[in-house]
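Single-letter residue listing:
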Amino acid sequence: MKKKIYFGLFCLILCFLAGGLYIGKSIDKVTKQLEKIIVLNKVEFLRKNMLNKVVLVQSDLMLKDTPHSRKVDIFVKHVEEMHQAASHCLNCHHEESVKQRISHLEEKINVYMKQISRVYTLRANEARLKNEKDSAFDLGQEAGRDQQYNRSIFL
Amino acid sequence: MLGKSPKYYIIIVALMLLLPLINSCSNQPEAPSEKVAPSKKKFYLGLIPEQDLFSQKERYTALASYISEKSGLDVELKILSRYGNIIDNFLSGQLDGAFLGSFTGALAIKKLGVEPLARPLWLDGKSTYYGLIFVRKDSGIKNAQDMKGKRFAFVDKATTAGWLLPLTYFQENSIENFRAWFSETYFTGTHEDAIYDVLNGKADIGAAKNTVLERLTQNDSRLLDELHILATSPEVPANALVVRRGLNNSLKIKLKNILLQMDQDEQGRQILDEFGARKFVETTTKDYNLVFSYAEKIRLDLSNYDYMNR
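Scoring rules and cut-offs
Residues numbered from 1 in each chain as written. Chains lettered and ligands numbered in written order. Predicted model: local features only at pLDDT ≥ 70, side-chain atom pairs only at ≥ 80, totals over all residues. Heavy atoms only, no water. Pairing = 2+ DSSP bridges. Helix = DSSP H or I, 4+ residues; strand = E, 2+ residues; numbered from the N terminus. Axes fitted to C-alpha atoms, helices over the stretch in contact; angles between N-to-C directions. pLDDT = per-residue confidence, 0-100. Contact = heavy atoms within 4.5 Å. Buried area = accessible area lost by both parts, 1.4 Å probe. Salt bridge = Lys/Arg side-chain N within 4 Å of Asp/Glu carboxyl O. Polar contact = N/O pair within 3.5 Å; in protein donor to acceptor, adjacent residues only side chain to side chain. Patch = residues over 30% accessible without salt bridge, like charges linked within 9 Å, V, L, I, M, F, W, Y side chains within 5 Å. Areas by Shrake-Rupley, 256 points an atom, 1.4 Å probe, with all protein chains shown as cover. Buried < 20%, exposed > 50% of the residue type's maximum accessible area, 1.4 Å probe, protein only. Expected span 1.5 Å × (residues − 1). Phe/Tyr/Trp six-rings, centres within 6.5 Å; stacked < 30°, edge-to-face > 60°. Lys NZ or Arg CZ within 6 Å of the ring centre and 35° of its normal.

## Section: the sheet that holds strand β12 (residues 240-243) of chain B
All names here are of chain B. Within the open sheet, the six strands sit side by side as β2-β1-β3-β12-β4-β13. Their pairing is mixed. Each edge of the open sheet is held by one strand with a lone partner, namely β2 (73-79) and β13 (277-282). Averaged over neighbouring strand pairs, the angle between their axes works out to 25° when direction is ignored. Of the pairings in the sheet, the one linking strand β4 (residues 115-122) to β12 comprises three bridges and is antiparallel in character.

What follows is the structure, given as structure tokens:
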């Protein structure tokens, strides 16, 4: 009888241990998955934030020389925020291929910034102004497209 | 347990009733008393676009923070998209001071009575700059005659290097109506763009200041290899800090002293180094005499000068 009781107890402990291990492992797996989802969400948030800033600057650009154009101070603030958002992306990733893509995007943003500054300072004939404005807009769209493409790599 | 006296149970129940009080009596963190920092007085400092708007603002950010820290003012940078806007901003009272180029400085002195305080002494020991007229080496343009029918990139009508120098050059070379002489003329708005427009073939001839060209050359050797300088202007004072007429005298002295003594402390030296200067030197209206006479030479009346780029 005593042996049966010990055996029963042993089986019970074994069951508890196996159950404990299973629960521990499951929690660990779920936590890791959740962490990954949080990181992906963060990346997606940064990407969307960056994209919104680009859209905002593009709208400033399109509104220039219209009755609804924004003040230079506000435009400069928007561009600075966009640049900050682009720099922020570079802080998070360490994988070389991803880092390279983001550096490339940042370079594009810098070129875009130079071009939009030029649109604001240039005084020339209509054809030249239109050409510069179109070129700046295209660079902005390209930066936005790059961000969309980067999404497919990250997610 | 059952054998215990009723007193025992009463004490237990009483203690249990007191339990919730333990939490409520615990020290509650006091709401942090809001320490409102005394608001600093705003000082609006204008910048002209020598290079693109954002790089120019970034270049002066550390300097503005340093002035804020030392003066107790809240210095806010205001970058303007056109040189002439700085005059309008002073007129509408939106600026307390500005870093102005020699021509804008001279214009602001004549039109608004602003007071120059200090300007940087560059690492080469100079506190001046000069204007350049340049072409691509492979353009085949060697003199004013070769320029006929080409495209000219000015900087702005309120610049020495990007407007006064070309006008003087045209006068010296008997080009009476430059708009008819060239197939196209336009204003890039920044020295950097005038330089790159010529380099990239967007314009055939350009005018800009030497300090910006030298700064850009540090990161782009193509500029030295591919550009040829045709003419230079006399040396004029580097971009100086000017303050509006009527600004408190003690504040003027304070600002001037902060800049003049910058090279005497470690933080100041570091900022100067990043700025590309050795120190700041005192600047007065007299330093602009050369610009006044340069403008007179081509019969420009600075007091009634129309600085709008048309």
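Now, onward.
## Let's talk about the confidence of the model for chain B
Looking at chain B as a whole, the pLDDT averages 89, with 90% of positions reaching at least 70. Here the complex is predicted with pTM 0.80, and the ipTM for its interfaces comes to 0.78.

## Regarding the sheet that holds strand β10 (residues 227-232) of chain B
Residue and element names in this part refer to chain B. Ordered in space as β8-β7-β9-β6-β10, the five strands form an open sheet in which the pairing is mixed. Bordering the open sheet on either side are β8 (184-187) and β10, each of which pairs with just one other strand. On average, each strand axis in the sheet is tilted by 25° relative to the strand beside it, whichever way the strands run. Against the sheet, helix α8 (residues 210-217) makes contact with β6 (131-136), β9 (205-209) and β10, and its axis sits at roughly 95° relative to β9, the strand it touches most.

## Examining the interface of chain B and chain A
Taken together, the contact between chain B and chain A spans 22 residues of the former and 19 residues of the latter. Summed over both partners, the interface of chain B with chain A comes to about 1800 Å²; 49% of that surface belongs to carbon and sulfur atoms. Two residues, Glu184(B) and Arg128(A), come together in a salt bridge whose shortest N-O distance is 2.7 Å. Linking chain B with chain A are 13 residue pairs in polar contact (both at pLDDT 80 or more), by the criterion used here. Contributing elements (two or more residues each) for the side of chain B that touches chain A: α2 (53-71), β2, β8 and α7 (191-199) of chain B. The leading source of residues in the side of chain B that touches chain A is α2(B), at four residues.

## Comments concerning a nonpolar patch on the surface
A cluster of nonpolar side chains, Met1(A), Ile5(A), Tyr6(A), Leu9(A), Leu12(A) and Phe16(A), forms an exposed patch at the surface whose accessible area comes to about 740 Å². We classify Met1(A) as exposed; its relative accessible area is 76%.

## Focus: helix α1 (residues 2-63) of chain A
For α1(A), with 62 residues, the first-to-last C-alpha span of 89 Å sits near the 92 Å given by 1.5 Å per residue. Positive phi shows up at Asp65(A), right after α1(A), with a value of about 65°.

## Here's the deal with unusual backbone geometry
Of note in the backbone geometry, Asp65(A) takes a positive phi value of approximately 65° without being a glycine. For Asp65(A), a relative accessible area of 62% corresponds to the exposed category. Unlike most non-glycine residues, Arg299(B) shows phi in positive territory, near 60°. Position of Arg299(B) among the secondary structure elements: in the segment after α12 (289-297). For Arg299(B), a relative accessible area of 70% translates into the label exposed.

## Points about the packing of aromatic side chains
All names here are of chain B. Counted by the stated rule, this structure contains 20 aromatic pairs over all chains. Each ring, one from Phe152 and one from Phe182, has its centre 5.2 Å from the other, and the planes form 65°; the classification is edge-to-face. Of this pair, Phe152 sits in strand β7 (residues 151-154) while Phe182 is found in the loop between α6 (178-181) and β8, placing the two residues 30 residues apart along the sequence. Of the residues examined, Phe152 reaches a relative accessible area of 0% and is grouped as buried. Across from the ring centre of Phe292, 5.0 Å away, lies the NZ or CZ of Lys110, which sits over that ring.

## Comments concerning the pattern of salt bridges
Scanning all chains against the criterion turns up 33 salt bridges over all chains. A salt bridge links Lys64(A) to Asp65(A); its shortest N-O distance comes to 3.1 Å. Under the relative-accessibility criterion, Lys64(A) is labelled buried at 10%. Salt-bridge contacts for Glu226(B) lead to Arg136(B); the nearest nitrogen and oxygen are separated by 3.0 Å. On the criterion of sequence distance, the pair formed by Glu226(B) in helix α9 (residues 222-226) and Arg136(B) in strand β6 is long-range, its members being 90 residues apart. Connected via shared salt-bridge partners are Arg118(A), Glu132(A), Asp193(B), Asp197(B) and Lys202(B).

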